[in-house]
Amino acid sequence: MATFLYKIGRLAFRRRHYVALMWVALLTLAGVGAASAPAAGNSSFSIPGTEAQKAFDLLEQRFPGMSADGATARVVFKAPSGEKMTGKANKATVRDTVKELRSGSEVTSVADPYTAHAVSKDGTIAYASVKYKVSGMELEDASRDALKAAAQDARDAGLTVEVGGDALTAAPETGSSEIIGIAVAAVVLVITFGSLLAAGFPLLTALIGVGIGVSTITALASALDLGTTTSTLASMIGLAVGIDYALFIVSRYRSELAEGREREEAAGRAVGTAGSAVVFAGLTVLIALVGLSVVNIPMLTKMGVAAAGTVAIAVLIALTLIPALLGYAGRRIKPTGEKSRLLGGGRKAKAGKPGGHGKQTRPNMGTRWASFVVRRPVAVLLLGVIGLGAAAVPAASLELGLPDDGAQPTSTTQRRAYDLLSEGFGPGFNGPLMVVVDAKDSAHPKAAFTEVGHEIKGLKDVVTVTPAVPNKAGDTATITVVPNSKPSSTTTEDLVHAIRGKGADITSATDAKVLVTGSTAMNIDVSQRLNDALLPYLALVVGLAFLLLIVVFRSVLVPLKAALGFLLSVMAALGAVVAVFQWGWLSNLMSVEQTGPVMSMMPIFMVGVVFGLAMDYEVFLVTRMREAYVHGEKPSQAVVTGFRHGARVVTAAAVIMIAVFSGFIGSSESMIKMIGFGLAVAVFFDAFIVRMAIVPAVLALLGRRAWWLPRWLDRALPNVDVEGEGLRTAGDRHADPDGERELVRA
């Protein structure tokens, strides 16, 4: 592989005009496609196979036009101090608001608080329930604006009015966070390379890759039912790996220049060596993202596949556009150790012989750190493992759930509506359960409906059970159950399971089927689905990547160490998330207003994203060690050599990723804040403790055994030559100016 990529690098360097034109054309084509594509709404949300989804599907069949999974809103009114909602003036204001709400084009019904018995016992709080034709993710902005306007009109009349429910669900804005991440990335790249031009290449190519990927997603959004969250994830991951991959190749190019090679040869070797690491690192990310399909949540699968496409584009850009841009830059890109004049140039590294490693008058920080670890491997290993183990302890208390309005900041109208409803009607009123009774096969449907209501009333934690509401055919009915506990509590989850448990007895006695649905039950089912899929997903991703890394490193112990180190960093990061967002440690510093269960998607999302980035660092750092070892260095010296060339780049890449993810911690959305914190902490643990401390310590202890591979497996595996052994002669073969013709024959 190294030889093939070497040829591509030289060809792209020499034919840079064609390469640049090709990528500009692709970017233009994707942009035109995105601009001319029909506007797509938010993606529909469904969880095939769950009981809550089965109940929604049944309601669509038996209650046509009901829009069972349609968005809902609760407009909550509170009378001024000393007044009641039953007062004449307040009553008139509420009814005017109800009338205004009913005029919406997507509204199916609005319940008047005074006819629906939706006034609290003390008469101070009332609410109007609004139902829509489409889900909260598909609701048009005009409908949300009309809802907010109606609430504001009631406020202007003197009432306290807040709006809750999923009708106000909207895609979070992350533009400012991305800008912060890009700004920090620019600063880190300038410091790393000592050159504005060299620093600009990774940013430019990453933005081009993200532009092509996101534009393509936008162009296909309507046809493939892709939501806004799909492009958000694709842009975040694409930006992360795009900068990393370009950073690796530009850094290797400068190292090759410092060893005295001509620029075209240096570009070829950079793509042949660092490019090989980029290819395999990209494959691990693709495995992690495409592997999200095992969860069997269509929206999550689409997000993973779309993000994987953006990563593939980032790999291709790094292998072709980066060497082309290096060709345009010419002598303005300086060798390693030499800064541009604008940044105080003049300090030059001594060049060694071509094919050597050059000499440095003073060891860099990576060399000094690796030398220390090699001398004290046991102490470093124990300190790193014990530290990550201590950080992982809170993960044993992990509780998973999906956030509701009670997890919103108190500054939001959703949270204030949640608190008002809890005050007036009890905490369980914010998460009512909808019980669907399918009595089509029952001889006595009405008796079955009554029996179900009677059985549910006898359960613990039940406050209210409404009478059954049958459909026109009389074979299906809905029953609303109000729990005594808040929606996200384990008590409410136990109640859902208890109702479903009673359903089996009811079916045997009446031949009627009982299904529990509603937003609370759907959240419980989603959490269970994600929880059940975590171990299979982890086994799939780590297993496939393990096999891939055996091919890359031609070793059994190195991939095993990489996988175990990744598990350590993920568990430690989950422990930190539990400590902050579930236990409340440092909650004031992180502006966490409400503690509670960790978002159900967090563990699987963290595994997928962090695994890909962790393997990036592993592949780039350890391939330099493998390269040095294959070229004759002792195992301990190979570790030091790998750090001399790779530590600075991996550190820069990690700092950039931490900055990008940390930008999301400032979000007002608890879910976005949690994702940003979790990913930033996970990258910190993995890059600076696992890859920079545990990995060299383990390799120093293993010595030559680290690179052991059974002979039968060595013969069976393809030789991909990631370390570039074949490039020792490839450079001579391609010294002539027409060397790219050999690529055509290859």
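Scroll up to find the structure this text is about.
Residues numbered from 1 in each chain as written. Predicted model: local features only at pLDDT ≥ 70, side-chain atom pairs only at ≥ 80, totals over all residues. Heavy atoms only, no water.

K.L.:
Outline the packing of aromatic side chains, listing residues and values.
P.N.:
Inspection of the entire model under this criterion finds 9 aromatic pairs. Geometrically, the ring pair formed by Phe581 and Phe677 is edge-to-face, given 5.7 Å between the ring centres and 65° between the ring planes. On the criterion of sequence distance, the pair formed by Phe581 in helix α17 (residues 557-582) and Phe677 in helix α20 (residues 670-702) is long-range, its members being 96 residues apart. No difference in accessibility class separates Phe581 from Phe677, as the two residues are buried. (Phe/Tyr/Trp six-rings, centres within 6.5 Å; stacked < 30°, edge-to-face > 60°. Helix = DSSP H or I, 4+ residues; strand = E, 2+ residues; numbered from the N terminus. Buried < 20%, exposed > 50% of the residue type's maximum accessible area, 1.4 Å probe, protein only.)

K.L.:
Lay out helix α15 (residues 490-510) with the relevant residues and their values.
P.N.:
Here α15 is 21 residues long and its end C-alpha atoms lie 30 Å apart, about the 30 Å a rise of 1.5 Å per residue gives. Three or more residues of α15 are buried, namely Thr492, Leu495, Val496, Ile499, Arg500, Gly503, Ile506 and Thr510. The first or second residue beyond α15 is Asp511, which carries a positive phi of 65°. (Expected span 1.5 Å × (residues − 1).)

K.L.:
For the environment of Arg14, give the residues involved together with the corresponding values.
P.N.:
Relative to the assigned elements, Arg14 resides in helix α1 (residues 2-14). The exposure class assigned to Arg14 is buried, which follows from its relative accessible area of 18%. Sequence separation between Arg14 and Glu264 is 250 residues; the distance between their C-alpha atoms is 7.4 Å.

K.L.:
Please set out the environment of Ala128 residue by residue, giving values where relevant.
P.N.:
Tracing the backbone shows Ala128 in strand β3 (residues 125-132). Classification of Ala128 by relative accessible area gives buried; the value is 0%. Every residue in contact with Ala128, bar those within four places of it in the chain, is listed here: Ala73, Arg74, Val75, Phe77, Val98, Ala111 and Pro113. (Contact = heavy atoms within 4.5 Å.)

K.L.:
Outline the pattern of salt bridges, listing residues and values.
P.N.:
In this structure the tally under the stated criterion is 21 salt bridges. When the shortest N-O distance is used, the salt bridge between Asp438 and Arg62 registers 2.8 Å. Separated by 376 residues along the polypeptide, Asp438 in strand β6 (residues 433-438) and Arg62 in helix α3 (residues 51-62) bring together distant segments of the chain. Pair check on accessibility: Asp438 and Arg62 agree, each one buried. One salt bridge in this structure joins Glu259 and Arg261, with 2.8 Å as the shortest N-O distance. Here the salt bridges share partners, and the residues they tie into one network are Arg10, Arg14, Glu264, Glu265 and Arg269. (Salt bridge = Lys/Arg side-chain N within 4 Å of Asp/Glu carboxyl O.)

K.L.:
For a nonpolar patch on the surface, give the residues involved together with the corresponding values.
P.N.:
On the surface, Val294, Leu540, Leu544 and Leu547 cluster together to form a nonpolar patch covering roughly 310 Å² of accessible area. Within the secondary structure, Leu540 is located in helix α16 (residues 519-553). Overall, Leu540 belongs to the partly exposed group, its relative accessible area being 31%. (Patch = residues over 30% accessible without salt bridge, like charges linked within 9 Å, V, L, I, M, F, W, Y side chains within 5 Å. Areas by Shrake-Rupley, 256 points an atom, 1.4 Å probe, with all protein chains shown as cover.)

K.L.:
Give me the lowdown on empty space enclosed by the protein, citing residues and values where you can.
P.N.:
Tallied over the full model, the rule gives 5 cavities of 30 Å³ or more. In this model, the largest cavity occupies a volume close to 60 Å³. Around the largest cavity sit Thr205, Ala206, Gly209, Val210, Gly238, Gly242, Ala246, Thr310, Ala314, Ile317 and Ala318, which together line it. The set of elements that each furnish at least two residues to the lining of the largest cavity consists of α7 (196-224), α8 (228-258) and α10 (298-329). (1 Å grid on protein atoms, 1.4 Å probe; cavity = no way out; pocket = protein on both sides within 12 Å on 5 of 7 lines; lining within 4 Å. Points joined across faces, edges and corners; volume = space filled by probe spheres on them.)

K.L.:
How would you summarise the nonpolar core if you had to cite specific residues and measurements?
P.N.:
Core analysis: the largest hydrophobic core is formed by 171 residues, its most contacted members being Tyr245, Phe566, Met606 and Phe661. Sequence-distant contacts of Phe661, defined by excluding residues within four places in its chain, comprise Met236, Val609, Leu613, Gly676, Leu679, Ala680 and Val683. The next biggest cluster of nonpolar side chains, apart from the first, holds 26 residues, and it includes Val75, Ala128, Ala151 and Val161. (Core = buried A, V, L, I, M, F, W, Y, C linked by side-chain atoms within 4.5 Å.)

K.L.:
An account of the sheet that holds strand β2 (residues 107-110) is requested, with residue identities and associated values reported.
P.N.:
Strand pairing in a sheet is mediated by backbone hydrogen bonds. Such pairs are either parallel or antiparallel. Reading across the sheet, the 4 strands line up as β2-β3-β1-β4 and stay open at both edges, with antiparallel pairing between neighbours. Strands at the two margins of the open sheet, each flanked by one partner only, are β2 and β4 (160-164). Neighbour-to-neighbour, the strand axes of the sheet open up by a mean angle of 20°, direction not taken into account. In the packing of helix α5 (residues 141-156) onto the sheet, the strands contacted are β1 (72-78), β3 and β4, and the crossing angle to β4 comes to about 160°. (Pairing = 2+ DSSP bridges. Axes fitted to C-alpha atoms, helices over the stretch in contact; angles between N-to-C directions.)

K.L.:
Now, about helix α19 (residues 635-662): what can you tell me, with residues and values included?
P.N.:
For α19, the principal kink sits at Gly646 and spans about 50°. The buried count for α19 comes to 22 of 28 residues, which makes it a mostly enclosed element. (Bend = angle between axes of the 7 residues up to and from the residue.)

K.L.:
Can you break down unusual backbone geometry residue by residue, with the values?
P.N.:
Positioned with a positive phi, Asp511 is a non-glycine residue whose angle comes to about 65°. A relative accessible area of 46% means that Asp511 is categorised as partly exposed. For Arg554, which is not glycine, the phi dihedral falls at a positive 50°. Its place among the elements puts Arg554 in the loop between α16 and α17.

K.L.:
Tell me what's going on with the packing of helix α2 (residues 16-36) against α7, and back it up with residues and numbers.
P.N.:
One way to put it is that α2 packs onto α7 with a least axis distance of 8 Å and a crossing angle of 30°. Relative to α7, the element α2 is oriented roughly parallel. Seen from above, α2 lies across α7 with left-handed handedness. Facing α2, whose interface residues are Trp23, Leu26, Leu27, Ala30, Gly31, Gly33 and Ala34, α7 presents Ile208, Gly211, Ile212, Ser215, Thr216, Thr218 and Ala219. Across the contact of α2 with α7, the residue classes tally to 8 nonpolar, 6 polar and no charged. (Parallel < 35°, antiparallel > 145°, perpendicular 65-115°, else oblique. Left-handed = near helix turned anticlockwise from the far one by under 90°. Nonpolar A, V, L, I, M, F, W, Y, C, P; charged D, E, K, R; others polar.)

K.L.:
Account for the packing of α15 against α16, with residues named and values stated.
P.N.:
At a closest axis distance of 10 Å, the pairing of α15 and α16 adopts a crossing angle of 95°. For the element pair α15 / α16, the angle class is roughly perpendicular. Together, Thr492, Glu493, Val496, His497 and Arg500 of α15 and Thr520, Ala521, Ile524 and Asp525 of α16 make up the contact between the two elements.

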